[in-house]
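# A structural walkthrough
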Amino acid sequence: MWLLIFLVCLLICAGSIYWYLFGKPSPFSLDSVRPPAPREFDQKKRDKVIKQGKMTAVPKNLDVIVIGSGIGGLTAGATLAKAGKKVLVLEQHDQAGGCCHTYIEKGFEFDVGLHYIGQLHENSLLRIAFDQISEGQLEFHQLDQHFDTIQIGLGNEKREYTIYSGKTEMKAHLMKQFPDDTEAIDKFFKIMKISAKKTHYLATLKLIPQWVSLFLLKSGIADLISPVFCLSGTCATDFVNTLTSNKDLHTIFSYFFYGVPPKDSSVLINALMIHHYKRGAYYPKGGASEIPFHIIRTIQKYGGNCLVRAPVSQILVDEEGAAYGVKVRKGQEEVEIHAPVVVSNCGIFNTFQKLLPPEIQAKPDIQQRLNMMKHGRGSLLVFSGFDGTKEELGLVSTNFWLFKDNDMDKSMEDFFALSREEAPDNIPMMFITVPSSKDPEAKIRHPGKSCMTILIMVNYEWFEQWKDTTVRKRGDEYYNYKMRFAKNLFDWACTVFPKIKDKLVFQDVATPLTNMHYLGAQHGAMYSAEHNLERFHAQAVAKNRCNTPVKNLYISGQDVFSCGIAGALHGGLLCACAVLDRIIYIDLLLLQLKLQ
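Residues numbered from 1 in each chain as written. Predicted model: local features only at pLDDT ≥ 70, side-chain atom pairs only at ≥ 80, totals over all residues. Heavy atoms only, no water.

## Some thoughts on the domain arrangement of the chain
Going by this rule: Annotation comment: domain bounds sourced from an automatic or database domain assignment. Residue contacts follow a heavy-atom distance rule, with two residues in contact if any of their heavy atoms lie within 4.5 Å. Once two parts are put together, the accessible area they lose, assessed with a 1.4 Å probe and summed over both, is termed the buried area. Any carboxyl oxygen of Asp or Glu that lies within 4 Å of a side-chain nitrogen of Lys or Arg is treated as forming a salt bridge with it.
Per the domain assignment, the segments making up the chain are domain 1 (26-36 + 44-139 + 285-363 + 549-595) and domain 2 (141-284 + 374-524). For domain 1 and domain 2, the distance between their C-alpha centroids amounts to 25 Å. In this complex, domain 1 contributes 43 residues to the contact, which on the side of domain 2 involves 54 residues. Summed over both sides, the interface of domain 1 with domain 2 buries roughly 4,000 Å², with 64% coming from carbon and sulfur. Inspection of the domain 1/domain 2 interface yields 1 salt bridge. In this structure, Arg 445 and Glu 109 form a salt bridge, with 3.0 Å as the shortest nitrogen-oxygen distance.

Written as structure tokens, this is what we have:
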């Protein structure tokens, strides 16, 4: 009797798995991927896709509204569109793309938030995902093997280290530069391997029922399965201190700064960031705006659309507490657009504190979700344009990470504690990227010109006094203040690229206020909510999911898992999983098996 019951249960489980895998059509298929079409250089034709703003273009009988056209929103939108949903993406800026958009000024084209992407080698899961949401239209150029340079110190005290991609070359090259710390490097790379191969366990915590995730974690069963759950909540500084006392090497283990000092960050996240480029660093051919251009066309192909200059002022919630659409500001009027599902890609703080009705915001479960997160640091970017080719100016595709000393914890703590007046003259670190040297087609679009972007993290409070002023009309005091940052950063960059100093013909500065205006980033935080250690404790990961306390409202993007282009894209895929009630990663893995 018991054997019969067992066999029936086994058949039911097998049937359920078969139905899940094959009973419902996958949103992804190899047939949807086409050879890339010729690059579209006609800006007017491109604008019809990424700058469409007419409300008459709203499709009828919508299934999903996506707030925000960053990579997380577009990924969720395209995946849902390929699953048969009619999707409308709404963007408050005058062009789509979020941190993937570019802007052209005085003949120079600047990327805003995409500097390089890893894990795009042939048949990688990320590459397959990009191929699916763009239907094969995105092409990526692999950068030089020497993709990053780290300089620590100034003047005669300056030390320079180079980071190479390659499955074995990355570790071997680092060991050559630190011959007395080969054991420490070997141990760190083992952590990188665990982090990379087992991170999907953390993502699974968001996909299975929350009570199951918490049971596995609290009971200790999860830790028996993999050390990744413990690593996620391990302090980066504490961990690297167990490996070596070499402070330069400490810096290299945490050199991807995102506003959080190593003592407040997860070693797993820092290890993942380095591992991300182990198989190569890539840049989209045609520039960062190719990404929204092609993904939007996928959404349009399946009956959806993307509209710009369409700021959402409120998420509509019915009497039963379910989202059923949004209000959009158009001039002096507000227009209601209805759909049974709303996806927010504009960050958890914007979503819960600005867009939900006040009575919904005040609910304990909403406040509980908000209390899990902190506001991220603001970003300041200096965009510089030069007359001259990369060969004439000595510019390279390699990024430069500059640090005045090798104590990141103290440097960052001291800098963020400075007054508004002191900050511009005491910048401890910066990042330099040269997009015109990364895109092989940049010389076709903008011959004889080169551009550079410099990035640092700053306090929003240093700029807060101008928050009520209008963009590009904030006054001389604001302009002079931000240009103090620009001058010091550019002078520092000239020590790396001395030929650029006399060829500078254009310069612009984006502050946290700029990022708030154009990107809708709360406090100007391009990386959205803070990536602190508390956020990555395994139980916090399990609780921070795409589903929200508001029925039919979902979160996408960087606040779901982690920052960056890849992190936001995975946030979009996880969101699509939640909306479809289907683990679409299985579909991607099945495609990967077919390709292999």
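Next comes the rest of the description.
## Digging into the sheet that holds strand E13 (residues 333-338)
To keep it simple, the criterion reads: Whether two strands pair depends on DSSP finding at least two bridges between them. Helix numbers and strand numbers start at the N terminus; a helix is a DSSP run of H or I with at least 4 residues, a strand a run of E with at least 2. Working convention: axes come from line fits to C-alpha atoms, limited for helices to the stretch in contact. Angles between N-to-C directions cover 0 to 180 degrees.
The strand order across the open sheet formed by 3 strands is E11-E12-E13, and the pairing between neighbours is antiparallel. A single partner strand is all that each edge strand has here, and the edge strands are strand E11 (312-317) and E13. The sheet shows a mean angle of 25° between the axes of neighbouring strands, direction not considered. Here E11 pairs with strand E12 (residues 323-330) via 5 bridges, running antiparallel. Considered in E12, the bridge of Val 317 is made with Ala 323.

## Thoughts on the nonpolar core
The criterion, for reference: By nonpolar core is meant a set of buried Ala, Val, Leu, Ile, Met, Phe, Trp, Tyr and Cys residues that side-chain atoms within 4.5 Å join together. Exposure categories follow from relative accessible area, calculated using a 1.4 Å probe and restricted to protein chains: below 20% of the type maximum is buried, above 50% is exposed, and the middle band is partly exposed.
Formed by 164 residues in total, the largest nonpolar core has its most connected members in Phe 130, Phe 188, Ile 432, Met 452, Phe 463 and Phe 485. The leading source of residues in this core is helix H24 (residues 564-580), at 12 residues. Composition of this core by domain shows at least three residues from each of domain 1 (26-36 + 44-139 + 285-363 + 549-595) and domain 2 (141-284 + 374-524). Ile 67, Ile 315, Ile 337 and Ile 366 belong to the second largest nonpolar core, which has 29 residues in total.

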